[in-house]
Structure formats: structure tokens, C-alpha cells
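Residue-level structure breakdown
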Amino acid sequence: MSDTTQFRVLDFDCPSCASTVERALSNVDGVEDVEVHYSTGRVEIEYDDGVSDPNAFAQTIENQGYTPQPA
Amino acid sequence: MDTQSIEQYYRQHRKAIVVAMSGLLYAGGWSIGYVPGFDAASTAILILAAIIGGYDIAKTAYYEVKSRTLGIKTLVTLAAVGAIAIGSYWEAAAVVFLFALGSYLEGRTMRKTRNALEELLEMTPDTATVRRDGEQKEVPAREVEAGEIVIVKPGEKIPVDGDVVEGESAVNQAPVTGESAPVHKADGDEVYAGTVNQEGALEVTTTGTGTDTTLQRIIQRVEGAQEAQSPTESLIDRFAKYYTPAVIALAIGAYAVTQNAVLSLTLLVIGCPGALVIGPPVSIVSAIGNAARNGVLMKGGEHLEQAGKIDLVAFDKTGTLTKGETAVADVEGFDADDDEVLDLAAIAEMKSEHHLGDAILDAAQNRRDPVTDGGATTAESGTRSPTETGSLSEPDDFEVVAGKGVVAHHDDREIVVGNRALLDERGIDLPNDVAEYVRDREERGETAIHVVLNGTVVGAIALHDELRDAAPGVIQELRDAGIEAVMLTGDNERVAAAVAEEIGIDDYRAELLPENKQDVVTEYQADGHVVAMTGDGINDAPALATADVGIAMGAAGTDTAIETADIALMADDLERIPYAVKLSKATRWNVLENVGLALVVVTMLLAGVLTSYVTLALGMLVHEASVLAVIGNGMRLLRY
């Protein structure tokens, strides 16, 4: 089953950083679609809830040096 | 302070602490370097500064490389490592410190921009008082079900969307519509979640909760609008795709020719298109956020850039320039007394759904029953059912002649109520005195209709739709900004001319059917104008869609209007139109300024590096300064 989750990252400091996070998230197992918006800091992830562990999303964002907040 | 709170403080302010430490060490290491014999210590401190400031940058760089992207953090890491490798410790520490400081400030300022909507979100209260099983209960606001009665005490925020069923109050709707003046609410009126009940207790039947409220929908649309790329942004993104590889090629080429590693690294760092890619989105997000807080919904950067080019605004007359509250201004009997004329018209219009008919019915009712009605509610026409009209009798039959009037029969009498075209069609003579009366009223901007009994004109009724107080000022403000205003109306020439003169509009088009309005917009476009069309967004939907920019008024409750319009004004506030147009123009300039500044800085830096005037550290300083400059410039639009 497909599920969607959202985060808000308020501390993106450059547009390319947002794209990097987007790529990193799309490499997480089970992720079907990711949108990361530099301008609003909104992160939307569509994933297969049988495969993905939603905790991994926040961890991936943190690894990149940013602070995810639940939206 | 115990360890736990220190840890918490560190986590919250990690970036600031890292930047400060890196800066202090950098300054310390640099000054010690001037003391003879302390060279080694200076080097060690500078390397430490680079490591502390660069740890996070290098970590992100690692993930950048891992996800096969080439970002600025990878380039900065390369530059710092390269500088240390060739013994330029001072440069390494400076580059890392300046970049960390710049990023920290960028993140901080962008947070402010991103938070602009947060204030709106926090408006909605978490709990609601509902009436369940005859008792008042406090429940989470999102768990209230549609149809349930919510009680809102004076001073409280309204937790749900709904219709007032009990009570009367003034409600501050600023979060939704941007209007600062409270709006009177009574039985049957719609209220929105997040607005503030100021005076009396209200009972409200719930129509929407949680994410299904007007305020939430507005916020979602605003976010969508901020995320949509404007044409300038897409152009720059396409440019950046070629630009970054080109800079890398240039750096490699420069190294091959000069064997100067620092020069190549400097090129890489300053070649990042920072200010160029950041500028336009910051301007647009700030402008859309500002507009949202003023009750103006901009559909996206594209529409904002388009609105910045507007040079002509077409206004629909009824309901836009006027209040849309038609009322009878005067009744004149010629072969009958005034009251009889009004009653005849009321009988004929009894079952009509036209707004002129509603106004006539209201006037007839008020005359008969002035005490209970008080004459105060002429605005609420159209809600009266025939049974309520008491002593007024219903017609035996009734027929609408579209765009012209009505024909009805009552007690073997034929009553015709309509305009000149209807009289002509039915071969009814128009006496000179009536024609003169009608002309006189029309020259005052009123709509006059004739009342005919059994083929003889017995009187005329003049109807008036009051102008919005703000209208003349708005037209003047647009003119001052170099924007032409035109009025489109279905009324006849004389009425249109009178209204246009009163408002101060030079150009108008009269006697238009709804579909003609669209053609008029196309005509203006063919003349080379960038046209904005203003209307209610429902009747004018085709004209709004055809115009370069469609502006819908009073859109808070109507999703269709918000869908059709490029710019939706939540309130019925005409003064938001010059505001929206000027904000769009300011945004367009702001984007151009940012792009211009970024291009000038990058060009100068490139030239400076290639001629050895600009070092790695200086290049980084100017690069970061230019990024902060465009963010600062864009954020001015938040306070426009």
C-alpha cells in the first residue's frame, strides 16, 4: 500500500542542498516519489508502507545536515 | 546549568556555536601567526578552525557525492582540503569559516520566509465546544462532525467552518480575508475557522473541520503557489544545468594551463551559481506570503510575473465597482399613483429571480410593513418566499423575456415591466414625460424600468446600486501607477457614462452580454495591452480566464472563483487590486535586481580570479555576501 508523509525543513541553506536531500530520499528503499521544495521547506514522500521504514526518512534528512520537523 | 540543559542548548544552537568557534579559532590562529616562533601553533589552530567549521560541510559533501550530485559543499570541501594540502592554512580556515557563516545566515533568514505562513496556521484553535446530547462538551476541533452545533464565546477563535444559527456578533476575519474591520455576523451567515469572535456568543452549524476548512485550503494553495516555478526560475535552472559543468571545465582547463591549484579551486568555489538560483524563489515566496497575509491569493510565480506586466485593468461594473446591492431609488406614477405602480411591478416580479425584481419586491414589502422590516435589510433580497409577502398577490401567469423584463397577468390585467427594448418589441408607445423621467434617472447612473398596465405606460421605477466608496480612489491609484482602467457593463450607454464619470474612468463598454465581455478582453489584448479582468469569478469566469490575469473578488467562500482566478481577493475589498498589481510589479523588479546583481558579481569574480586579483578567501567572502544580499533584497517584499 502506498502512503504519504510530510516533513518541514526550515533550515535548507541552498537550493542545491534541497535537491541533494531529494535524491537521497528517493534512494531510500520503498520510496516511490519525493518532492523537496527549497522555497517552502516542504518535503513530501510517497512510499510503499510494506517496504519503507518512515523513521529512515527523518534520519536521511538529518544525515544531510538538516532538521526535519513533522508537518 | 546541568549537563542536560547544556546539551539541549547545544543541539538547538549547534550551527551558531560551530560558526562562532570556527571564527574565534580562525582569528586566534591568524593573529598568533604574527608572533615570531609561533608558526606551528598558528598552523595547528587554523587547521582546527577548518576542521570544526568544516565537519558538517564535509559530512553533507559525503552524502552529496554518495547520491551522485555535485553540490557547493563538495566544492568547498575540496577547496579547503586542497588549500591545506598546499600549505595555505589561513585560506583553508577562512573559506570554511566564511562559508559556514554564510550558510548559517542563509538558513536563518530563509526560515523567516518559510515561517510567514506559520502564523496563519496557528490561528485555528485545537479544541471546540460542541453541544452533544443536550450538554456542552469540549472536544478536539478536528473531531467535530459536520452538522454539529459549536458554541463560540465572545473573544474566542472560531474552531470550525460553519453557518451561524444563533446569536449575533462582530467577527474579525483578518486571517482569512485580510480585512482589518470586523464583519457583522447573524443567523445564516458563514463563519470561518481561525477568525475571531469579538462581541457576542455564537452558535454555529459545522460545515468543515480539520484540513477541510477555508483557512487550511488557502494555506495549501499558497504553499502550492510558492512552490510552483516561475518562468524566470525555470530559465535559471536550465542555465545552471550548463553553467556548473562549464565552471568545472574552466577550472580543469585553468589548472592544465597554469598548474595553479589554488586558482582552480577558487574558480570552483566562486563559480557556484548561489545568488543566481536563490534570488528569484526568495522574491516570489516573500511576495506570495505577504499577499496571503493581506487576503490576496496569488496562484503562483508565473501569475505574479505576468501581473507585473499589467497595463490595463478591466472592471465588471455590478458587484465590483458597485456594492451589488440594488435597491429602489425612486418610483414615479404617470397614469397612476406611485404606490400602485410599485405594487403592480411587485406582482409581476413576484416569481422573477432577477436582482432588479428582488429589489422591487423588497421596496413594495417595506412600504406595506415598514415597522417589522425597518427598511434596513434591503440588501438581503432574494431570500423572501412568496408566502411571506403577505398582502401582495401572486400573478396568474408570468413570463420572463431574457434581458428585457417580464410579462404577467393578474385579475384580467396584463402587466409588463421592462426596458425600452421590451416596449419596442410589444409595440407599446412611450409617452414623452416618462421618457424624460427615465433619461433623467439614467443620467444619474440609475437603472430605470417601465411599468405598463394593459398596454399603457403607467409609471417607471428607478433602481440604484451604490458605488463602493473606494472605487474612485482605486481608479486614481491605478492611473498614478501608469495603469489604465476600463469598465464593462450590461447597462445601457447613459447609465454607463454616468457611473464612469462618477468614478473617474475614461473608457467603458456598455450594453454587453456576459459573453461579450470575453470578446472585449480579447480586443484590448489585440491592441497590445496586458489585461487584468476583475469580477466576481462566477458570472465573469470566461472573461477572467481569457484575460492575461484574472482577478476574482470576495472569493473566500467560493472555490470556483479561486480556481478560475489567477489572483483571488478573499474579501470584497476593491483597494486590494492596486495593492496586488503594485506588489506584482515590485516583485518583477525585485527578481530582475537579484538576477542582475548575481550576474554582475559572478562576472566580476571570474574576471578577478583569472587576473589573480581575487584570492580564495576574498572570493568566498564576496560570494557569500552576494547570496545574503539577494536574500535580503527578496525579503523586503515580506514587508511591502
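Residues numbered from 1 in each chain as written. Chains lettered and ligands numbered in written order. Predicted model: local features only at pLDDT ≥ 70, side-chain atom pairs only at ≥ 80, totals over all residues.

1. Notes on the packing of helix α9 (residues 231-258) of chain B against helix α11 (residues 274-293) of chain B
If you want to describe how two helices pack, look at the angle between their axes and the distance between the axes. Residues and elements named next belong to chain B. Contact geometry of α9 with α11 gives a least axis separation of 9 Å together with a crossing angle of 165°. Taken together, the axes of α9 and α11 are roughly antiparallel relative to one another. Read as a crossing pair, α9 and α11 show a hand that is left-handed. The segment α9 lies against α11, with T232, E233, I236 and A240 engaging L276, V277, P280 and P281. Grouping the amino acids of the contact of α9 with α11 by side-chain chemistry returns 6 nonpolar, 1 polar and 1 charged. (Axes fitted to C-alpha atoms, helices over the stretch in contact; angles between N-to-C directions. Helix = DSSP H or I, 4+ residues; strand = E, 2+ residues; numbered from the N terminus. Parallel < 35°, antiparallel > 145°, perpendicular 65-115°, else oblique. Left-handed = near helix turned anticlockwise from the far one by under 90°. Contact = placed C-beta atoms within 7 Å. Nonpolar A, V, L, I, M, F, W, Y, C, P; charged D, E, K, R; others polar.)

2. So, the packing of helix α3 (residues 39-66) of chain B against helix α4 (residues 72-85) of chain B
Residue and element names in this part refer to chain B. Their axes nearest at 8 Å, the elements α3 and α4 cross at an angle of 140°. Between α3 and α4, the angle is such that the two are oblique. α4 is crossed by α3, and the crossing has left-handed handedness. Of α4, the residues touching α3 (which contributes I47, A50, G54, I57, A58, T60, A61, E64 and V65) are K73, T74, V76, T77, A80 and I84. Residues that form the contact of α3 with α4 fall into these classes: 9 nonpolar, 4 polar and 2 charged.

3. Observations concerning the nonpolar core
Ranked by internal contacts, the top residues of the largest apolar core, which has 164 residues, are A93, V95 and V269 of chain B. For this core, the leading source of residues is helix α5 (residues 89-114) of chain B, giving 13 residues. (Core = buried A, V, L, I, M, F, W, Y, C linked by C-beta atoms within 7 Å. Buried ≥ 20, exposed ≤ 12 C-beta atoms within 10 Å, placed from the backbone.)

4. Things to note about the confidence of the model for chain B
All names here are of chain B. Summarising the model, chain B shows a mean pLDDT of 85, and 96% of its residues fall at 70 or more. The low-confidence segment residues 372-389, where pLDDT is below 50, has 18 contacts with residues more than four positions distant or belonging to other chains. Overall fold confidence for the complex sits at a pTM of 0.80, while the interface term, ipTM, reaches 0.84. (pLDDT = per-residue confidence, 0-100.)

5. A look at the interface of chain B and chain A
Counting residues at the interface gives 24 residues for chain B, matched by 22 residues for chain A. Those elements giving two or more residues to the side of chain B that touches chain A turn out to be α3, α5, α8 (214-227) and α11 of chain B. Counting residues per element, the side of chain B that touches chain A draws most heavily on α5 of chain B, at 6 residues. Its residues assigned to classes, the side of chain B that touches chain A shows 7 nonpolar, 9 polar and 8 charged.

6. Concerning helix α2 (residues 14-32) of chain B
All names here are of chain B. The end-to-end C-alpha separation of α2 is 27 Å, in line with the 27 Å expected for 19 residues at 1.5 Å each. Among all positions in α2, only K15, V18, V19, S22, L25, Y26 and G29 are buried. Down the axis of α2, the smallest arc covering the buried residues is 135°, so these residues share one side. For α2, exposure combined with an orientation more than 90 degrees from the buried face picks out A16 and S31. On its buried side, α2 packs onto α3 and α5. (Expected span 1.5 Å × (residues − 1). Arc of directions from axis to C-beta.)

7. Some words on the sheet that holds strand β4 (residues 161-167) of chain B
Residue and element names in this part refer to chain B. Ordered by their spatial adjacency, 6 strands build an open sheet running β2-β1-β3-β9-β4-β7, and the pairing between neighbours is antiparallel. Strand pairing shows two members of the sheet lacking a second neighbour, β2 (135-140) and β7 (190-191), which therefore form its edges. With 6 bridges connecting them, β4 and strand β9 (residues 202-208) associate as antiparallel partners. Pairing of G162 across the sheet is with T206, part of β9. (Pairing = 2+ DSSP bridges.)

8. What about the UniProt feature "domain: P-type ATPase A" (unreviewed entry) in chain B?
Per the UniProt annotation, the sites labelled "domain: P-type ATPase A" (unreviewed entry) are residues 122-223 of chain B. End C-alpha atoms of residues 122-223 of chain B are separated by 15 Å, and the span's content is 14% helix alongside 40% strand. (UniProt positions renumbered as here; feature names shortened; annotations may be inferred.)

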